Amino acid sequence: MKAWITGALTVTLAAGSASGAPPDPEPVDATLSTSKGERVQLARWRGKPVILFYEDKDSTTLNAPLKAELFARGRERGLLQSAFVVAVANLEKYDFFPAREIALSYVRDEEKKAGVPILVDLKGTLGLAPWKLPTKTSTVMLLDAEGTPVFRHSGRMKPEEQDRFFTVLSQLVGQDLTAGREPEAHP
């Protein structure tokens, strides 16, 4: 299931935020929209850990290596169904006619390519409390099954930040994802 990373807009994580503050210790929720205008609550994805990618249009490739590695490790270990991947496009600066419809059309095209839904944030909701995510970069968050943030990183992830991400994700899914993939044997 490509939902592990391929369709996710972009990711970035580290323990705490870029400012070093720990994530809020209580479950969080927000109401966003699908690319077709349906309103949905993020709480809809409770019951499993959630890997949340929140990106603006200029940051979608910032953490492409993490996305690729996440999908590869999940597929290799048979864990693609162990967590939800939720991609959210920050379209706040396009929330006016006719830009809104053009931006939503672009998101729908990306959904078709990736084969996963991409939620849209037209009002900057995830930039406000309790989320307080930066709106002009790539942010990756891990939420536990109850919706409590346990990991957040904004910006391009360094290798040590990716290691921390996989350590926390391993704890959430109950399987070791910290070791890199085994090299494929060639006959």
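1. A word on the confidence of the model for the protein
And then number 1: The predicted model of the protein averages 87 in pLDDT, with 83% of residues at 70 or higher.
And then number 2: Contacts for the low-pLDDT stretch residues 1–20, under 50 throughout, to residues beyond four places or in other chains number 100 contacts.

2. A few points about the environment of Ala87
And then number 1: By the element assignment, Ala87 lies in strand β4 (residues 84–90).
And then number 2: Look at Ala87 and you get buried, because its relative accessible area is 2%.
And then number 3: Spatially, the C-alpha atom of Ala87 lies 8.2 Å from that of Glu55, the residues being 32 residues apart in sequence.

3. A short note on empty space enclosed by the protein
And then number 1: One pass over the structure, following the stated rule, counts one cavity of 30 Å³ or more.
And then number 2: The volume enclosed by the largest cavity comes to roughly 70 Å³.
And then number 3: Partitioning the lining of the largest cavity into residue classes produces eight nonpolar, one polar and one charged.

4. A look at the side chain of Ser35
And then number 1: Positionally, Ser35 belongs in the loop between β1 (31–33) and β2 (39–41).
And then number 2: Polar contacts involving the side chain of Ser35 include one to the side chain of Glu111, which spans 2.7 Å.
And then number 3: Apart from the residues lying within four places of it in its own chain, the contact partners of Ser35 are Leu104, Val107, Arg108, Glu111 and Ile118.

5. Remarks on the packing of helix α1 (residues 64–76) against helix α3 (residues 159–173)
And then number 1: In contact at an axis separation of 12 Å, α1 and α3 are set at 35° when each is read in the N-to-C sense. Considering only the axes of α1 and α3, their crossing is right-handed. Within the contact between the two elements, α1 uses Leu66, Glu69, Leu70 and Arg73 and α3 uses Gln162, Phe165, Phe166 and Leu169.

6. Some details on the pattern of salt bridges
It is possible for side chains of opposite charge to pair when their charged atoms get near one another.
And then number 1: According to the stated counting rule, one finds eight salt bridges in the structure shown.
And then number 2: The residue Arg77 makes a salt bridge to Glu76 at a minimum N-O spacing of 3.2 Å.
And then number 3: When its relative accessible area of 22% is taken as the criterion, Arg77 is described as partly exposed.
And then number 4: On the accessibility criterion, Glu76 (39% relative accessible area) is partly exposed.
And then number 5: Residue Lys123 is joined to Asp95 by a salt bridge in which the shortest nitrogen-to-oxygen separation is 2.7 Å. Here Lys123, found in the loop between β5 (118–121) and β6 (138–143), pairs with Asp95, found in the loop between β4 and α2 (99–114); they are 28 residues apart in sequence, far enough to count as distant.
And then number 6: Put simply, Lys57, Asp58 and Lys93 are held in one network by salt bridges that share partners.

7. Describing the packing of aromatic side chains
And then number 1: Going through the model one piece at a time under the given rule, you end up with two aromatic pairs.
And then number 2: An aromatic cluster of three or more residues is present, and its members are Phe151, Phe165 and Phe166.
And then number 3: A cation over an aromatic ring shows up here: Lys48 above the ring of Phe84, its NZ or CZ 5.0 Å from the ring centre.
And then number 4: A cation over a ring is seen here: Arg73 above Phe166, with NZ or CZ 3.9 Å from the ring centre.

Conventions adopted
Residues numbered from 1 in each chain as written. Predicted model: local features only at pLDDT ≥ 70, side-chain atom pairs only at ≥ 80, totals over all residues. Heavy atoms only, no water. pLDDT = per-residue confidence, 0-100. Contact = heavy atoms within 4.5 Å. Helix = DSSP H or I, 4+ residues; strand = E, 2+ residues; numbered from the N terminus. Buried < 20%, exposed > 50% of the residue type's maximum accessible area, 1.4 Å probe, protein only. 1 Å grid on protein atoms, 1.4 Å probe; cavity = no way out; pocket = protein on both sides within 12 Å on 5 of 7 lines; lining within 4 Å. Points joined across faces, edges and corners; volume = space filled by probe spheres on them. Nonpolar A, V, L, I, M, F, W, Y, C, P; charged D, E, K, R; others polar. Polar contact = N/O pair within 3.5 Å; in protein donor to acceptor, adjacent residues only side chain to side chain. Axes fitted to C-alpha atoms, helices over the stretch in contact; angles between N-to-C directions. Left-handed = near helix turned anticlockwise from the far one by under 90°. Salt bridge = Lys/Arg side-chain N within 4 Å of Asp/Glu carboxyl O. Phe/Tyr/Trp six-rings, centres within 6.5 Å; stacked < 30°, edge-to-face > 60°. Lys NZ or Arg CZ within 6 Å of the ring centre and 35° of its normal.

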